[in-house]
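Chain and residue survey
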Amino acid sequence: MASLDQIFVTLKAWVLGLLPETVQPFAGVMISISAIMAVFPGIFALTTVVERKLLGRFQNRPGPNRVGIPLTKIRLAGFGQFIADGIKSLTKEDVVPRNADKVVHFIAPFVLVVPSFLALSVLPVGRNMAALNFTETGLLFFFAIGAATEISVFMAGWSSRNKYSLLGAMRGIAQMLSYEIPLILSSLTVVMMVGSLSLVTIVEKQTAVQWGVFHNWHVFTPWGFAGFLLFLTAACAEANRTPFDLPEAESELIAGYFTEYSGFKFALFFLGEYLGMFAISGVAITLFLGGWSAPFTFLDWVPSWLWFFGKLVGFILFFIWLRGTLPRLKVDQLMNLAWKFMLPMCLINLVVAGVWHYTADWNDLIRWPLGAALLALPYWIFSRRFESRFQTRTYRYAS
Amino acid sequence: MIGTGIAKGLVLTAKNLLSTYTDKERLPTIEYPDEKQPLPEASRQFPMLIFDGEDEMKGLRCTACQICEKECPPKCIYIVKSKDKRVDYKGQNQFYPAIFDIDYSVCMSCQICVEVCPFESIKMNTEFELATPDRFGGLLVHKQQLAKSNAHYQKIHPTEAAASDAAMAVEKAKAEAKAKADAEAKAKAAAAKAAPMPSASPEASPETPKPAVAAPKMPM
C-alpha cells in the first residue's frame with residue numbers, strides 16, 4: 001500500500017534517474033508542471049459537465065445528456081460535452097472591441113490563469129507530493145498569488161471599455177478585497193496553532209491521532225470548525241461562486257467583467273475561475289480538513305492523493321449544490337456580511353484559538369464546550385442584529 | 001440565526017435532486033426526437049385530404065368543388081378540376097381534382113377549408129415535423145402528399161372522425177333511398193307510359209344530380 005501511496009513520487013524519481021544529472025532539476029520542474037497542467041484542467045473539464053448535469057437535476061431537468069463519442073451513437077450520459085465545448089471555444093471568432101485597450105485586453109486572461117496554476121502548485125496533494133514546497137512561506141505565497149487574480153479582473157473590466165464590464169470589475173474588486181480579510185484572518189488561526197506557514201507542515205500536524213480513531217483535523221476543534229465555515233464563505237466569495245457571483249451576475253451585467261471576451265479567451269477566464277475555486281478548496285482542505293490524511297486511522301491504507309482529490313471532489317460538489325440553492329446577494333448585503341459579521345467573527349475566532357492554545361492541558365470535555373460557547377454567543381448576537389437589518393427593508397424614496 | 005435558512009434550502013434542493021432519480025413525476029422532460037408526447041386530440045397543423053379504400057388517388061373524397069379554394073383567407077389552395085368524372089362513394093358521378101396543391105408556407109391553419117367542405121374531404125392533420133431545405137418547392141405539397149387515409153384521420157381525431165363517418169353514412173343512406181325512389185318512380189313512369197295517362201311525377205325529372213356546389217353541408 002505504501003508503494004501505491006508513493007507511486008507518483010517513485011515514478012517521477014525513476015524518470016529523473018533515466019536522465020543525465022545536469023538536466024534533472026529542470027526535468028523535475030517540467031514533470032511537476034505538466035502533472036498540474038494535466039490534472040486540474042482535466043478536473044475542470046469534467047466539472048463543467050457535472051455542474052451542468054447536477055444543476056439540471058436541481059431544477060428538475062436532465063441536463064446535458066446527448067454528446068458522447070463523436071461519429072458514434074455512444075452517448076456516455078453527456079460526458080462528451082466538454083470536448084464539444086472545447087472545440088467550440090477554440091474555433092469561435094475572437095472579438096475585440098474597437099475601443100478596447102488591446103494589450104491589456106489580451107493579457108487579462110493570462111493574468112488570471114497563471115496565478116491560478118501557481119496557487120495550485122503549492123498544495124500538498126499527497127504525502128511528499130507538493131510541487132512547490134516552501135518550508136517557510138507556503139500559505140503566504142498562496143495568498144500573494146491569489147491577490148494577483150484581482151488585478152486580472154480589473155484589467156479585463158477596464159480594458160473592455162464597456163459599462164457592464166467595468167461595473168462587474170468594480171464589484172469584483174470590492175468583493176474580493178473585502179473577503180480577502182476574513183479569508184486570511186480565518187486561516188490565521190491555523191497558522192497560530194501550527195506555528196508554521198508551510199502547507200506541508202500544516203498537513204503533517206493534522207495526522208496525529210485523537211479520540212481513538214480520529215485524526216486531529218483542525219475542523220474537529222471549535223475554532224477550527226468556525227474558521228472552516230468562515231473560510232468556506234469567504235472562499236465562495238473569492239471564487240465568485242453563488243451566492244457571491246455579483247461580478248458576473250448574468251441577470252444584471254450580462255457576464256460582468258468578461259462580457260467582451262469571446263472564443264478561447266473566454267474559455268481561459270472560465271478555466272481561471274474554476275482553477276481558483278479548486279485552489280481555494282485545496283487550501284481549505286489543507287488547513288482544516290487534514291489535507292491528504294484520512295479521517296479515521298483505520299482508513300490510512302487508502303492512498304493519500306486519493307484522499308486529497310476525494311475531498312476536492314466533495315468541495316466541488318458542495319459548491320455546485322450551493323449554486324443550485326442560493327440566490328445572489330445584493331451589494332450592500334455582501335459588504336455588510338463581510339465587514340459587520342464575518343470580520344468580527346474572525347477576530348473572536350482568533351481569541352478562541354488563543355484560549356484553546358492556553359488550555360491545552362485541560363480535559364477536552366471542558367474546553368470543547370467552552371470554546372463552542374465563546375463562539376456561539378457572539379454568533380447568536382451578531383446574527384440577530386444582522387437579520388433584523390435584512391428582514392425589515394425600508395424604502396426611502398418609494399412609498 | 002444566520003445559516004438556518006441556508007441549511008433548509010440545501011436540504012430542499014438535495015431532496016429535489018434525489019427525487020429526480022426515483023420519481024418520474026419530478027423529471028417531466030420528454031426528450032423530443034427520441035420520445036414524443038402524444039398530441040392532444042384538438043391539436044391541428046395543416047390540412048390533408050382524406051381518401052377511402054386502398055388507392056390514394058382513386059379514393060379521394062374531394063370533388064374539386066373549389067369551395068375551399070375560394071374561402072381560403074390567405075389563398076394557399078390551388079385546384080384544377082378534372083376533365084372527366086368518376087363515381088363517388090354515393091354512386092354519383094363527380095369531378096375529381098387533377099391538381100390539388102396547398103402551400104404550407106402560406107397556410108395559417110385557420111381550418112376554414114375544413115368547415116366549408118361539404119364532402120368531409122379536407123381535414124386538419126397533426127403532423128408538425130415539416131422542416132425542409134427547400135422553402136418553395138418543399139412546402140408546396142401536392143395531392144399525393146396531402147392524401148391521408150380515413151384510418152389515419154380516425155386515429156388522430158377520433159371524435160371528429162366518428163361524427164364525419166356518421167354524417168357520410170347518413171348521406172349515403174339518403175342517396176341510396178333516393179336512388180331507390182328514383183328507380184321506383186322510373187318504373188312507375190314506365191308503367192304509366194304504357195298506360196295512356198302522360199302525367200309523370202315531378203321527382204323523375206332530375207336524372208343527374210347537380211354536383212356539389214348546391215349541396216348544403218350536413219349539420220353534424
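Only a predicted model underlies this, so the values are computations on that prediction, with no experimental measurement involved.

So, on to unusual backbone geometry. At A77(A), a residue that is not glycine, the phi angle is positive and equals roughly 55 degrees. Note on placement: A77(A) falls in the loop between helix 3 (24–58) and helix 4 (81–91).

This paragraph deals with the confidence of the model for chain A. Detailed reading of the predicted coordinates is not advisable wherever pLDDT falls low. On average, residues of chain A score 86 in pLDDT, and 98% of them are at 70 or above. Looking over chain A, one finds the lowest element-wise mean pLDDT in helix 1 (residues 2–5) of chain A, namely 75, and the highest in helix 12 (residues 304–325) of chain A, namely 91.

All names here are of chain A. Each assigned domain of chain A is listed with its residue range as follows: domain 1 (48–91) and domain 2 (92–386). Centre-to-centre, using C-alpha coordinates, domain 1 lies 28 Å away from domain 2. Contact residues are listed per partner, giving 8 residues for domain 1 and 8 residues for domain 2. When residues of the side of domain 1 that touches domain 2 are traced back to their parent elements, those giving at least two are helix 3 and helix 4. Counted by class, the side of domain 1 that touches domain 2 contains 4 nonpolar, 2 polar and 2 charged residues.

Attention now moves to the environment of S187(A). All names here are of chain A. Summarising the element assignment, S187 is placed in helix 7 (residues 163–194). Sequence-wise, S187 and F309 are 122 residues apart; in three dimensions their C-alpha atoms are separated by 21 Å. Sequence-distant contacts of S187, that is, excluding residues within four places in its chain, are made with L139, F231 and L287.

Next up on the list: the nonpolar core. Residue and element names in this part refer to chain A. If you look at the biggest cluster of nonpolar residues, it comprises 85 residues, and the most contacted ones within it are F231 and A284. Put simply, the parts of the chain that give this core at least two residues each are helix 5 (102–121), helix 6 (138–159), helix 7, helix 8 (199–205), helix 9 (222–238), helix 11 (263–288), helix 12 and helix 13 (331–358). Counting residues per element, this core draws most heavily on helix 11, at 13 residues. Aside from chain neighbours lying at most four places away, what touches A284 is F228, F231, L232, A235, L289 and F315.

This brings us to the sheet that holds strand 5 (residues 97–103) of chain B. Residues and elements named next belong to chain B. In space, the 3 strands of this open sheet follow the order 2-5-7, with antiparallel pairing throughout. Bordering the open sheet on either side are strand 2 (77–81) and strand 7 (140–141), each of which pairs with just one other strand. As paired elements, strand 5 and strand 7 share 2 bridges and run antiparallel to each other. Across the sheet, residue D103 finds its bridge partner in strand 7, namely L140.

Another point: the interface of chain A and chain B. Residue-level contacts link 14 residues of chain A with 14 residues of chain B. Of all the elements in the fold, those that place two or more residues in the side of chain A that touches chain B are helix 3, helix 12 and helix 14 (364–391) of chain A. When residues of the side of chain A that touches chain B are assigned to their parent elements, the largest contribution, 4 residues, is made by helix 14 of chain A.

Here is what the cut-offs are and how they apply
- Residues numbered from 1 in each chain as written.
- Chains lettered and ligands numbered in written order.
- Predicted model: local features only at pLDDT ≥ 70, side-chain atom pairs only at ≥ 80, totals over all residues.
- Helix = DSSP H or I, 4+ residues; strand = E, 2+ residues; numbered from the N terminus.
- pLDDT = per-residue confidence, 0-100.
- Domains from an automatic or database assignment.
- Contact = placed C-beta atoms within 7 Å.
- Nonpolar A, V, L, I, M, F, W, Y, C, P; charged D, E, K, R; others polar.
- Core = buried A, V, L, I, M, F, W, Y, C linked by C-beta atoms within 7 Å.
- Buried ≥ 20, exposed ≤ 12 C-beta atoms within 10 Å, placed from the backbone.
- Pairing = 2+ DSSP bridges.

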